Amino acid sequence: GLVGSGIKEFVSSDAEAKEKEEYIFLSSKDGDLRSMDETKAIFEKYKPTHVIHLAARVGGLFSNLKYKVEFFRENILINDNVMECCRIYKVEKLVSCLSTCIFPDKTTYPIDETMVHNGPPHTSNEGYAYAKRMIDVLNRCYKDEYGCNFTSVIPTNIYGKGDNFSIDNGHVLPGLIHKCYKAKQAGEDLHVWGTGSPLRQFIYNVDLGALMIWAMRHYHEVDPIILSVGRRTRSSIAERAKMIASSMDFEGNVVFDTDKPDGQFKKTACQHLLKKKNPDFKFTPMKDGLKEACEWFCENFETARK
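The paragraphs below set out a description of the structure included in this document. What you are looking at is a predicted structure, and each value in this text was computed from that prediction instead of being measured. (Residues numbered from 1 in each chain as written. Predicted model: local features only at pLDDT ≥ 70, side-chain atom pairs only at ≥ 80, totals over all residues. Heavy atoms only, no water.)

**Regarding the nonpolar core**
A general tendency of soluble globular proteins is for nonpolar side chains to be buried together.
Right, on to step 1. Counting residues in hydrophobic clusters, the biggest one holds 26 residues, and the most contacted among them are Y159, L173, I177, I244, M248, L290 and F297.
Right, on to step 2. Looking at this core, the elements that each hand over two or more residues are α7 (172-186), β5 (190-193), β7 (202-204), α9 (237-247) and α11 (286-299).
Right, on to step 3. Sorting elements by how many residues they give to this core places α7 first, with six residues.
Right, on to step 4. Setting aside residues up to four positions removed in sequence, I244 forms contacts with L173, L176, I177, C180, L290 and C294.
Right, on to step 5. Formed by 24 residues, the second largest nonpolar core is a distinct cluster that contains I42, C86, M115 and C148. (Core = buried A, V, L, I, M, F, W, Y, C linked by side-chain atoms within 4.5 Å. Buried < 20%, exposed > 50% of the residue type's maximum accessible area, 1.4 Å probe, protein only. Helix = DSSP H or I, 4+ residues; strand = E, 2+ residues; numbered from the N terminus. Contact = heavy atoms within 4.5 Å.)

**With respect to the pattern of salt bridges**
Pairs can form between side chains of opposite charge once their charged atoms are near each other.
Right, on to step 1. Scanning the entire structure with this criterion turns up 13 salt bridges.
Right, on to step 2. The closest approach of N and O atoms between E21 and R217, which form a salt bridge, is 2.9 Å. Residue E21 is located in the loop between α2 (15-20) and α3 (36-46), and its partner R217 is located in helix α8 (residues 205-218); the two are separated by 196 residues in the primary sequence.
Right, on to step 3. The shortest N-O distance in the salt bridge between K106 and D105 comes to 3.8 Å. (Salt bridge = Lys/Arg side-chain N within 4 Å of Asp/Glu carboxyl O.)

**Overview of the packing of aromatic side chains**
Right, on to step 1. For the structure on display, the rule yields 14 aromatic pairs.
Right, on to step 2. Between Y142 and Y146, the aromatic rings sit 6.0 Å apart at their centres with planes inclined by 35 degrees, giving tilted as the arrangement. You can see Y142 and its partner Y146 sitting in helix α6 (residues 126-146), four residues apart, about one turn around the helix.
Right, on to step 3. Given the relative accessible area of 7%, Y142 is considered buried.
Right, on to step 4. Relative to F283, the ring of F281 lies with its centre 5.0 Å away and its plane at 80 degrees, an arrangement referred to as edge-to-face.
Right, on to step 5. Across the ring face of Y67, the terminal group of R57 is positioned such that the distance to the ring centre comes to 5.3 Å.
Right, on to step 6. Taking NZ or CZ as reference, R57 lies 5.0 Å from the ring centre of F71, over its face. (Phe/Tyr/Trp six-rings, centres within 6.5 Å; stacked < 30°, edge-to-face > 60°. Lys NZ or Arg CZ within 6 Å of the ring centre and 35° of its normal.)

**What to know about the environment of A210**
Right, on to step 1. For A210, the location among the structural elements is in helix α8.
Right, on to step 2. Taking the C-alpha atoms as reference points, A210 and D14, 196 residues apart in sequence, are found 9.1 Å from one another.
Right, on to step 3. Sequence-distant contacts of A210, defined by excluding residues within four places in its chain, comprise F10 and F281.

Keep in mind that these numbers describe shape and distance, not what the molecule does.
This is how it looks when you write it as structure tokens:
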């Protein structure tokens, strides 16, 4: 997946990973984590000492609206099976990946790690959000009852090479990249769902990969940590749509379909804890990351997930 690809790219050039660590990258082809038997078979086969848990049923706004039950049930099953197997097989460290959509819809901004359970999430993705919240609950429960070293990270919106570029079921940026590609090929306008006004913070998947490995090696608190660019780099969907158009040399019009819903207006996250724990980390400028993602999609159009 997108985050796993970012981790893979980072560790391929990281000296400590090459010298001291062995990484095994799995996909859904290796087993169905909704099944405890298949999850146990994976742990029996590889006997991991550390686990980075990225597996999930994910999708964009419209997919979350349509399949709330499936998003809840499937993610609950995946998370329960992975976490229990980490206990059974005595995994030394588990890092799970959450999402900013778990935070309360009605809240103050910026959101920080202490606010996860302060109210219900936005109704548009409550199935997924509540399932993901339970990872944080279980991390504390496993620590209290069994002494497990489980923690979680909360990245903001992720983008990059190797994403799911589905227009109907993917996230906003890869969907826009795909739509821009098609509009350019057809000589048509680029249509953006909604007003373009929602504000988001975006993190490049290779940057997230580096931070996930940092968390595995150095972040040992049970409480989650937000992995995010700073608040000043947040931007509207409209701004990013125009940046994608520029990156792909698209010369048509960018049109906003205001009859489509916007989803949550903002989910601005605080990076104070990350800056305190890892003050020297440098993020990839979004203009550069988006350019790479657009070029990758164009070069791999036939085989890219879409």
